[in-house]
Amino acid sequence: MTVRDFQEAFDEKIDKEIAIEPRDWMPDNYRKTLIRQISQHAHSEIVGMLPEGNWITRAPSLRRKAVLLAKVQDEAGHGLYLYSAAETLGITRDEMVEQLHSGKAKYSSIFNYPTTTWADIGAIGWLVDGAAIMNQVALCRTSYGPYARAMVRICKEESFHQRQGYEILLHMSKGTEIQRKMVQDAIDRWWWPSLMMFGPTDDDSPNTAQSMRWRVKRFTNDELRQRFIDVTVEQCKILGMELPDPELKWNEERGHFDYGPIDWEEFWNVVNGNGPCNRERLKARNDAWEKGAWVRDAALAYSEKRKKRAKEADTKAA
Amino acid sequence: MSDQNNNKAEWPLWEVFIRSKAGLDHKHVGSLHAADAEMAIENARDVYTRRMEGVSIWVIESKYIHASDPDNAASLYEPANDKIYRHPTFYDLPDELKHM
């Protein structure tokens, strides 16, 4: 078969919705795009543990602490599912970790914002995980098999993340005046960055067309963003809070909410490393990696030693 | 952080198989890194069974898995293609025939 035959067979599979599996032939750019997207996604789960981890020791009750611990542990698990999916494409775990730690690979910019009050943990669950779920549900049908399977597992677990966040805010919104202010303040700070999580507008997203053709992406950034806004407006009403966008208005004709302009300058600033916590996040990851090096080395040395002993015992027995 | 350090210390990759409940087969769920089999099973418990997804875990180092070549799939499975008489529906039998 020539490369052209392979390409045709690949295109046909995509058109027929047959999943691409690790050992199947695939175009180099498909592989590269997936490695970039899946590893960024994995990095986001891992770095995403940091802003929430900030509140584990200060959760207001034992119940909230247990829930937050479980959620942060899930994020670690999600990162690992995704790293494992990316590794099927021929990149090693260490290469990915190195790319994250050197700043070469990106992760979701949302995690470069600080968590200043307990209400932020609620807002992250509701808005940030809510936005992530919109994306992730669409990715359950992505064309690359291992990625789609990882997303199915992740989506099953994410639902609790969003619900626990909303519950935190709901609880506080029925509390004291100060608690209600905290909720509103958290929503004010997390709303716009959450909308930015869907990525640049379709006009400004040069890779979207190709990703849609490959069925890596199933919906465009703007489609998913709109869907998120439409459901979230209603959820906000139940909290009795306001979304910080004076232009937010139901558009009968479109059947969607119109919304105000997103500050893309801020988005690119944070993407390019100048958000409030970029340096802190990368430093935390690098420190954890370096301080854990002796554990990784010791575990390998111990495993070698045990293998050697087992071999010696075998030789003696024989 | 250094590249050499990274490459030298990477734990081997393991494939994880989980039996979701007694009576069912183990099914492949993904992979993970661990220094040895014992650690691979412990990590698999933490990564893949946080919500009681399993009652039994198998792990095997990925390098020991041998797989068929997908590009040969057509010729590899070809002998089965023209033997539809292996399926019960191949046989044309009267409708009034029961329990068969």
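Residues numbered from 1 in each chain as written. Chains lettered and ligands numbered in written order. Predicted model: local features only at pLDDT ≥ 70, side-chain atom pairs only at ≥ 80, totals over all residues. Heavy atoms only, no water.

Draft legend 1. Geometry of the overall build of chain A. Each helix and strand counted, chain A has 13 helices and 2 strands in total. Seen through its principal axes, chain A has C-alpha atoms that stretch 80 × 55 × 35 Å. Out of the 318 residues in chain A, the part that is buried amounts to 51%. Partitioning the contacts of chain A with sequence separation of at least 6, the portion at a separation of at least 24 is 75%. Working note: accessible area of chain A is about 15900 Å², and carbon and sulfur atoms make up 56% of it. Counting 46 positive and 48 negative side-chain charges, chain A places the centres of these two groups 8 Å from one another. (Helix = DSSP H or I, 4+ residues; strand = E, 2+ residues; numbered from the N terminus. Buried < 20%, exposed > 50% of the residue type's maximum accessible area, 1.4 Å probe, protein only. Contact = heavy atoms within 4.5 Å. Areas by Shrake-Rupley, 256 points an atom, 1.4 Å probe, with all protein chains shown as cover. Lys, Arg positive; Asp, Glu negative; His and termini not counted. Charge placed at Lys NZ, Arg CZ, Asp CG, Glu CD.)

Draft legend 2. Just the nonpolar core, in detail. All names here are of chain A. Counting residues in each nonpolar core, the largest one holds 94 residues, and the members touching the most others are Tyr30, Ile38, Tyr144 and Trp190. Top contributing element to this core by residue count: helix α6 (residues 118–139), with 13 residues. Those residues in contact with tyrosine 30, other than ones at most four positions away along the chain, are Phe10, Ile20, Ser143, Tyr144, Trp214 and Val216. (Core = buried A, V, L, I, M, F, W, Y, C linked by side-chain atoms within 4.5 Å.)

Draft legend 3. Expanded view of the interface of chain A and chain B. Between chain A and chain B, the residue contacts involve 30 residues of the former and 29 residues of the latter. Together chain A and chain B conceal approximately 2500 Å² of surface at their shared face, both sides included; 47% is due to carbon and sulfur atoms. Interface area lost by chain A to chain B is led by Arg23(A), Asp94(A) and Leu300(A), which between them contribute 21%. In this assembly, chain A and chain B are joined by 6 salt bridges. The interface formed by chain A and chain B contains 15 residue pairs in polar contact (both at pLDDT 80 or more). Where the side of chain A that touches chain B is concerned, the elements lending two or more residues are α4 (62–87), α5 (93–102), α7 (145–173), α12 (278–291) and α13 (293–317) of chain A. When residues of the side of chain A that touches chain B are assigned to their parent elements, the largest contribution, 8 residues, is made by α4(A). Counted by class, the side of chain A that touches chain B contains 8 nonpolar, 9 polar and 13 charged residues. (Buried area = accessible area lost by both parts, 1.4 Å probe. Salt bridge = Lys/Arg side-chain N within 4 Å of Asp/Glu carboxyl O. Polar contact = N/O pair within 3.5 Å; in protein donor to acceptor, adjacent residues only side chain to side chain. Nonpolar A, V, L, I, M, F, W, Y, C, P; charged D, E, K, R; others polar.)

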